[in-house]
Amino acid sequence: MNQSPMRPITDDEIETFQTDGVVLLKGLFDPEWIDFMQGAAERSLADPGELTFEFSDERGEQGRFFFETFSWLSNSDCRHFVFESPAAEIAGTLMRSSKANIFFDQWLIKEPDTPTETPWHHDLPFWPVNGSQVCTLWLALDPVTADTGAVEYVKGSHRWGQRYKAESFGDADRYKEDLPKTPEIASMRDELSFVQYELEPGDCTVHHGLLVHGAPGNTSLTTRRRANVTRWAGDDAVYWPRPNIQKIPRDPGLSSGDPLDSELWPRIWAKSA
């Protein structure tokens, strides 16, 4: 399995990410990685890690929306992907960073006939990190359409200069940080520019940590929506601990303002001289 992308990332793709805050990338992961991660998804569903949530159960809805974070810390499949796949190089290149540190990885799996929506939100307010070079790589392991729960993005929203309160996918009172709520995005379709990509297994999107996005439920009765998600930090990302945000597995051993080079957030890729 290739550690570098199967083709170079183009200047147009980098510029699209920088301008729109999200880009669709095709043909970067070889088929062996997709076969491997499809198997890894099934093994994780059968034997979940400690930081697992079943959001459909939490909301009392039918189907299954499986969510697991920091999988690489205990899951050898996920660790292999984080350290050996092209994901880190892809993220670092798009961020125009000299390095890419893994912040955490995640499974986001919506089984067929799962109406549970992903609320409109952006990622950075959830996390104890600050910086402009923070992004998410969303790797499709199944065909993704609007019917199966394709993520929808508000183009350019990473440049609004505003942070919104973290939106819980389940318990509405989970996050307490004193920030404004995310606007009623669904009512602003005449004002904003949206994009929703269809993906085949092996396609990925990369989006900025402040890009507003959400996703519908999986209304297909036959097609799953398995995604492996990796979160990446670049040159300017620093540790920014705050109360009432997403918990992390352990103390990273850093002071506020330190770069994210640590055992919990190791540097996976560095740009060649």
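Just above, that's the structure.
Residues numbered from 1 in each chain as written. Predicted model: local features only at pLDDT ≥ 70, side-chain atom pairs only at ≥ 80, totals over all residues. Heavy atoms only, no water.

Novice: Sorry if this is basic, but what is going on with the nonpolar core here?
Specialist: Soluble globular proteins tend to pack their nonpolar side chains together in the buried interior. Counting 38 residues, the largest nonpolar core has Phe29, Ile90, Leu94, Trp107, Leu137, Val206 and Trp232 as the members making the most contacts within it. The dominant element in this core, judged by the number of residues it contributes, is helix H2 (residues 31–46), at 7 residues. If you look at the next biggest cluster of nonpolar residues, it comprises 18 residues, including Phe104, Phe126, Val129 and Ala233. (Core = buried A, V, L, I, M, F, W, Y, C linked by side-chain atoms within 4.5 Å. Buried < 20%, exposed > 50% of the residue type's maximum accessible area, 1.4 Å probe, protein only. Helix = DSSP H or I, 4+ residues; strand = E, 2+ residues; numbered from the N terminus.)

Novice: Can you walk me through the pairing of strand S10 (residues 204–208) in this structure?
Specialist: Every other side chain in a regular strand lies on the same face of the sheet, so the side chains alternate between the two faces. Summarising burial for S10: 5 of the 5 residues are buried, a large majority. Of the strand pairs in this sheet, strand S1 (residues 22–25) and S10 are connected by 4 bridges, and their pairing is antiparallel. Across the sheet, the residue bridging to Leu24 is Thr205, located in S10. In the sheet, strand S7 (residues 134–140) pairs with S10 via 5 bridges, with the strands oriented antiparallel. In the sheet register, Thr136 faces S10, and the bridge partner there is His207. (Pairing = 2+ DSSP bridges.)

Novice: Where do I start with H2 in this structure?
Specialist: Across its 16 residues, H2 extends 23 Å between first and last C-alpha, which sits within 8% of the 22 Å expected from 1.5 Å per residue. Check the buried side of H2 and you find it contacts strand S3 (65–69), helix H4 (76–84), strand S4 (99–110), S7 and strand S12 (225–233). At the N-terminal end of H2, a side-chain oxygen is found 2.9 Å from the backbone nitrogen of Glu32, two or three residues along, and the residue is Asp30. (Expected span 1.5 Å × (residues − 1). Contact = heavy atoms within 4.5 Å. Polar contact = N/O pair within 3.5 Å; in protein donor to acceptor, adjacent residues only side chain to side chain.)

Novice: Help me understand the sheet that holds strand S9 (residues 194–196) in this model?
Specialist: Sheet strands pair via backbone hydrogen bonds, and the direction of the pair is either parallel or antiparallel. Spatial strand order, S5-S11-S8-S9: 4 strands in an open sheet with antiparallel pairing. Edge positions in the sheet fall to strand S5 (118–121) and S9, since each of these pairs with one other strand and no more. When strand polarity is set aside, the average angle formed by the axes of neighbouring strands in this sheet is 20 degrees. Of the strand pairs in this sheet, strand S8 (residues 152–154) and S9 are connected by 3 bridges, and their pairing is antiparallel. Bridged to Tyr153 within S9 is Val195. (Axes fitted to C-alpha atoms, helices over the stretch in contact; angles between N-to-C directions.)

Novice: I tried to follow the pairing of S3 on my own but got confused; where do I start?
Specialist: Within S3, 5 of the 5 residues are buried, leaving the element largely enclosed by the surrounding structure. Of the two faces of S3, the one carrying Phe65, Phe67 and Thr69 and the one carrying Phe66 and Glu68 are both buried. In the sheet, strand S2 (residues 52–54) pairs with S3 via 3 bridges, with the strands oriented antiparallel. Across the sheet, Glu54 pairs through a bridge with Phe66, a residue of S3. Both S3 and S4 contribute to a ladder of 5 bridges, which runs antiparallel. Each residue of the ladder has a partner; that of Phe66, found in S4, is Ile109.

Novice: Can you walk me through the layout of surface pockets in this structure?
Specialist: Over the atoms rolls a probe the size of a water molecule, and its path tells where empty space is left. Of the voids in this model, the largest pocket is the one considered here, and its volume is about 540 Å³. If you trace the largest pocket, you find 32 residues lining it, with Phe67, Gln106, Phe126, Tyr175 and Gln246 closest to the centre. Among the secondary structure elements, those contributing two or more residues to the lining of the largest pocket are S3, S4, S5, S7, strand S11 (213–215) and S12. Grouping the constituent residues of the lining of the largest pocket by class yields 16 nonpolar, 10 polar and 6 charged. (1 Å grid on protein atoms, 1.4 Å probe; cavity = no way out; pocket = protein on both sides within 12 Å on 5 of 7 lines; lining within 4 Å. Points joined across faces, edges and corners; volume = space filled by probe spheres on them. Nonpolar A, V, L, I, M, F, W, Y, C, P; charged D, E, K, R; others polar.)

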